[in-house]
Amino acid sequence: MDENIRKVTHVQNIRYDKAAERLYIIDQTLLPNEEREIELRTPEEMVEAIKKLRIRGAPAIGICAGYCLYRLARDIDAKDTEVFLRKLSVDAELLGAARPTAVNLRWALGEMMKTAQAHRSEDREALLNALYQRAVAIHEDDIAKCRAISEYGLSLLHEGDGVLTHCNAGPLATSRYGTAQGPFFLAAERGMRVKVFADETRPLLQGARLTSYELQRAGVDVTLICDNMASMVMKNGWVQACFVGCDRIAANGDFANKIGTSGVAILAKYYGIPVYTLGPTSTIDMSCPDGAHIPIELRDGDEIKSLWYEKPMALPEVKCFNPSFDVTDHSLLTGIVTEKGICYPPFTESLAALFKTK
């Protein structure tokens, strides 16, 4: 493997130091200018890190949540198992409420709570060890899934293709190769030429700060564009596919991703460009019938008015509407790439089939 690609795809965005029993993450709000680890110790620090996007990306949030709950479990002062489980459940609810749209967060916390319940009759150390092993398993499972997703995604591309991506679904947002960016890294590893157009992704600029950062460092041919330039590069014939991540996929194929994704899909439909969302099966919420049932996180309007500016770019009294995600209708989607394969319409059937096979 090319050493530049390894440095990017093997980055430890989430690191648990078992010897010291300490949890570290790369603070993504400081990128691309500074790569710094911070430690997460308390529930307040963990919730703040998730809310403020110090850790972000649906799979990465889920991985982090597993380690967070294990770390918090170690600090619970309760000899009685029932009291311990109640306190652990409170911590899980607190973490789960930090970002409502990403299903991986609650999924991982649910897996950790199931593990705690399954080992409730064991002594404290055995229970804690089981929780740690489950957190590690969630992490390792995502690494394997990202590799498989990347392989399936790469099968959709050809030499010289241009691909547009929105937001960030690479190693920083997941583990190892990533989901929507994974095929680009694999292509570079294998000497396949792919040209990536990365939307800037306003208002938080994940495409600029993170996606273009990762791809450039790995030696992938990447061109950064503002969100409102997507139509132009599509019209010019420079884009043969759109690859985007996902924070939740409903049973009918509607999916939530970073705000602006639905606009990309609408443009791609007009220009006859296929659109794929790439994500692990843990992102699929079969209990959610359609996109109308996906909760959309609303964020502080100051992110629009002043976050990246020396001085505010709007009057303080100007109202802002700042949803973090939007929902792309399944009718705009060509396929859903998972670690188990590629799902095609009708998604109500193809997604359901994923969960019928072992």
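Residues numbered from 1 in each chain as written. Predicted model: local features only at pLDDT ≥ 70, side-chain atom pairs only at ≥ 80, totals over all residues. Heavy atoms only, no water.

1. Digging into the environment of Leu164
The cut-off we apply is this: Helix and strand assignments come from DSSP, with helices taken as H or I runs of at least 4 residues and strands as E runs of at least 2, each series counted from the N terminus. Each residue's exposure class comes from its accessible area (1.4 Å probe, protein chains only) as a fraction of the maximum for that residue type: buried when under 20%, exposed when over 50%, partly exposed otherwise. Contacts are residue-level and defined by heavy atoms, with any inter-residue pair within 4.5 Å sufficient.
Residue position: Leu164 is located in strand E4 (residues 162–165). On the basis of relative accessible area, Leu164 is assigned to the buried category, the value being 0%. Spatially, the C-alpha atoms of Leu164 and Trp238 are 9.1 Å apart, while their sequence positions differ by 74 residues. Aside from chain neighbours lying at most four places away, what touches Leu164 is Phe197, Asp199, Ile225, Ala230, Val233, Met234, Val239, Ala241, Cys242, Phe243 and Val264.

2. Description of unusual backbone geometry
The residue after Arg202, namely Pro203, is reached through a cis peptide bond having omega 5 degrees. Along the chain, Pro345 connects to Pro346 via a cis peptide bond; the corresponding omega equals -5 degrees. Here the phi dihedral of Thr201 falls at roughly 70 degrees; this positive angle occurs in a residue that is not glycine. With respect to the helices, strands and loops of the structure, Thr201 is situated in the loop between strand E5 (195–199) and helix H8 (206–218). By relative accessible area, which is 0% here, Thr201 ends up buried. Of note, Leu205 is a non-glycine position whose phi angle comes to about 65 degrees, a positive value. Within the secondary structure layout, Leu205 lies in the loop between E5 and H8.

3. Some points on the sheet that holds strand E7 (residues 241–244)
As a reminder of what qualifies: A pair of strands is considered paired only if DSSP assigns at least 2 bridges between the two. For helices, the fitted line uses only the C-alpha atoms of the stretch in contact; every axis is such a line through C-alpha atoms, and the angle between N-to-C directions lies from 0 to 180 degrees.
Pairing in this open sheet of seven strands is mixed, and the strands run E6-E5-E4-E7-E10-E13-E14 from one edge to the other. In this open sheet, the two strands that pair with only one neighbour each are strand E6 (221–225) and strand E14 (341–343). Averaged over neighbouring strand pairs, the angle between their axes works out to 25 degrees when direction is ignored. Both E4 and E7 contribute to a ladder of two bridges, which runs parallel. Counterpart to Val163 in the pairing with E7 is Ala241. Contacting E7, strand E10 (275–278), strand E13 (335–338) and E14, helix H6 (residues 124–154) crosses the sheet at an angle of about 140 degrees to E13.

4. Quick look at a nonpolar patch on the surface
We apply this condition: What goes into a patch is any residue over 30% in relative accessible area without a salt bridge, connected to like charges within 9 Å or, for nonpolar side chains (Val, Leu, Ile, Met, Phe, Trp, Tyr), within 5 Å. Calculation of accessible area relied on Shrake-Rupley with a 1.4 Å probe; when residues are assessed, cover is drawn exclusively from the protein chains displayed. The salt bridge definition used is simple: a Lys or Arg side-chain nitrogen within 4 Å of an Asp or Glu carboxyl oxygen.
A surface patch of nonpolar side chains, about 410 Å² in accessible area, is lined by Leu307, Trp308, Tyr309 and Met313. Structurally, Trp308 is set in the loop between helix H11 (302–305) and strand E12 (325–328).

5. Quick notes on the packing of aromatic side chains
Applied cut-off: Here a pair means two rings of Phe, Tyr or Trp (six-membered ring of Trp) with centres within 6.5 Å. Their orientation is stacked below 30 degrees between planes, edge-to-face above 60, and tilted elsewhere. Criterion for a charge above a ring: Lys NZ or Arg CZ within 6 Å of the ring centre, and within 35 degrees of the ring normal.
Here the structure, examined in full by the defined rule, presents eight aromatic pairs. Measuring from ring centre to ring centre gives 5.7 Å for Tyr16 and Tyr67, while their planes differ by 10 degrees; the resulting arrangement is stacked. Of this pair, Tyr16 sits in strand E1 (residues 14–17) while Tyr67 sits in helix H3 (residues 58–75), and the two are 51 residues apart along the sequence. Like Tyr16, the residue Tyr67 is buried in the burial classification. Linked through ring pairs, Tyr16, Tyr67, Tyr70 and Tyr132 together constitute an aromatic cluster. Over the ring of Tyr132 we find Lys18; its NZ or CZ atom is 4.9 Å from the centre of that ring.

6. Re the packing of helix H4 (residues 81–96) against helix H5 (residues 103–118)
Convention followed: Here the angle decides the label: under 35 degrees means roughly parallel, over 145 means roughly antiparallel, 65 to 115 means roughly perpendicular, and every other value means oblique. We call Asp, Glu, Lys and Arg charged. Ala, Val, Leu, Ile, Met, Phe, Trp, Tyr, Cys and Pro are nonpolar, and the rest, Gly among them, are polar.
Axis separation between H4 and H5 bottoms out at 10 Å; the angle between their running directions is 175 degrees. By the angle between their directions, the pair H4 and H5 is classed as roughly antiparallel. The segment H4 lies against H5, with Leu85, Leu88, Ser89, Ala92, Glu93, Leu95 and Gly96 engaging Leu105, Arg106, Leu109, Met113, Ala116 and Gln117. Across the contact of H4 with H5, the residue classes tally to eight nonpolar, three polar and two charged.

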